[in-house]
Amino acid sequence: MKKTAFITGASSGIGRAIAYEFSKHDIRLVLCGRRQERLQEIEAELVNRTEVHTLNFDVRDKEAVFKAIESLPEEFRTIDILINNAGNAHGLDLIHEGKIEDWDAMMDINVKGLLYVSKVIIPQMTERQSGHIINIGSSAGKEVYPKGNVYCASKHAVDAITQGMRIDLNPYGIKVCAINPGLVETEFSKVRFKGDAIADGIYKGYKALQAEDIAEIVYFTITRPAHVNIADLLVFPTAQANSVTINKSQ
Ligand code: NDP
Ligand code: 8X3
């Protein structure tokens, strides 16, 4: 039977690539983000392959999250696959020099936003006793690097929430997984450095992961047999060994 996937942060990068990958496999799509015009462009490109519905909301705004999901048309209401992907880093500063607005953004979007969306969607999964939740974590959720402090904390929280979800949803047969990438060439660094020229150098001198690499891994994860749950996956570009060891001589 045709499945429906709900993807947050679908307007760019990893989320958009997941939408394209899923559309190749006839998965119905609910695409979410703040930039509605981007979502509409993606919808226009994918609508010949599968049904697409876009939802425009900021994951920080819990009322907006609840209202948007409640507004889903009947044919998009049963969510089989939830991809909690919306998120970003904001800034790269020593802890004593960090900006409170950056800290708020990372905790509110990466952690609380993920919880708000999950809060609305999980009950229908527990009721049906089926579903698959994939949280996009990060290598920053596995180790802390210099100046990574609060972004790393937000992704460590995603790691803990993923483990907690897997435990609490175990009686319901719901699969829960975290995919944790290292460096992926998306708009991530443009957002992190607020358009500063530093962002241009982040993916130079080596081949970073591409959003499509992560999308293929996500599709592989959701197509395992019913008894197999990929629980936690860490993926780096070959040139990267950990957050600070990157071979840029290629
Ligand atoms: P992008 O900046 O390309 O995409 C981020 C997505 O998140 C956009 O679609 C954006 O949509 C959405 N988003 C951001 N803030 C909000 C918000 N407040 N409300 C709703 N949606 C929001 O980055 P990536 O694709 O790289 O990032 C996706 C995920 O992958 C993030 O969770 C990130 O932490 C994680 N990740 C990224 C890595 C990398 O190196 N790129 C490595 C490891 C993990 P819009 O602006 O339209 O709202
Ligand atoms: C993104 C990877 O190393 O920039 O989560 O934190 S990193």
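Moving on, we get to the packing of aromatic side chains. Per the stated rule, a full pass over the model turns up two aromatic pairs. The ring centre of Phe 220 lies 3.8 Å from the NZ or CZ of Arg 224, which sits over that ring.

The next point concerns the site of ligand 1. As a matter of local geometry, ligand 1 sits amid 31 residues, with Ser 11, Ser 12, Arg 34, Tyr 151 and Thr 186 nearest to it. Contacts to ligand 1 include Asn 85, whose backbone N or O atom sits 2.8 Å from an oxygen atom. At 3.0 Å from an oxygen atom of ligand 1 is found a side-chain nitrogen or oxygen belonging to Asn 88. Against a free-state accessible area of 880 Å², the protein chains account for coverage of 98% of ligand 1. Listing elements by their share of the shell around ligand 1, those giving two or more residues are helix H1 (13–23), helix H5 (149–168) and helix H6 (188–192). When the residues that make up the shell around ligand 1 are grouped by side-chain class, the tally is 13 nonpolar, 12 polar and six charged.

Core analysis: the biggest nonpolar cluster contains 32 residues, and Ile 7, Phe 22, Leu 29, Leu 31, Ile 83 and Val 218 have the highest contact counts within it. Those elements giving two or more residues to this core turn out to be strand E1 (4–7), H1, strand E2 (28–33), helix H2 (36–46), strand E4 (81–84), strand E5 (132–136), strand E6 (175–181) and helix H8 (211–222). Tallying contributions element by element places H8 first for this core, with seven residues. Each residue touching Phe 22, except ones within four places of it in the same chain, is listed here: Ala 5, Ile 7, Ile 27, Leu 29, Ile 81, Ile 83, Val 218, Tyr 219 and Ile 222.

As a further point, take the pairing of E2. Here E2 lies mainly inside the structure; six of its six residues are buried. Burial along E2 is two-sided: the face carrying Arg 28, Val 30 and Cys 32 and the face carrying Leu 29, Leu 31 and Gly 33 are both buried. Where E1 lies against E2, four bridges are found, and the strand directions are parallel. Note on E2: the bridge partner recorded for Ile 7 is Leu 31. As for the winding sense of the linkage, the β-α-β connection from E1 through H1 to E2 is right-handed.

Conventions used here
- Residues numbered from 1 in each chain as written.
- Chains lettered and ligands numbered in written order.
- Predicted model: local features only at pLDDT ≥ 70, side-chain atom pairs only at ≥ 80, totals over all residues.
- Heavy atoms only, no water.
- Phe/Tyr/Trp six-rings, centres within 6.5 Å; stacked < 30°, edge-to-face > 60°.
- Lys NZ or Arg CZ within 6 Å of the ring centre and 35° of its normal.
- Near = heavy atom within 4 Å.
- Polar contact = N/O pair within 3.5 Å; in protein donor to acceptor, adjacent residues only side chain to side chain.
- Areas by Shrake-Rupley, 256 points an atom, 1.4 Å probe, with all protein chains shown as cover.
- Helix = DSSP H or I, 4+ residues; strand = E, 2+ residues; numbered from the N terminus.
- Nonpolar A, V, L, I, M, F, W, Y, C, P; charged D, E, K, R; others polar.
- Core = buried A, V, L, I, M, F, W, Y, C linked by side-chain atoms within 4.5 Å.
- Buried < 20%, exposed > 50% of the residue type's maximum accessible area, 1.4 Å probe, protein only.
- Contact = heavy atoms within 4.5 Å.
- Pairing = 2+ DSSP bridges.
- Right-handed = clockwise from strand over helix to strand, strands pointing away.

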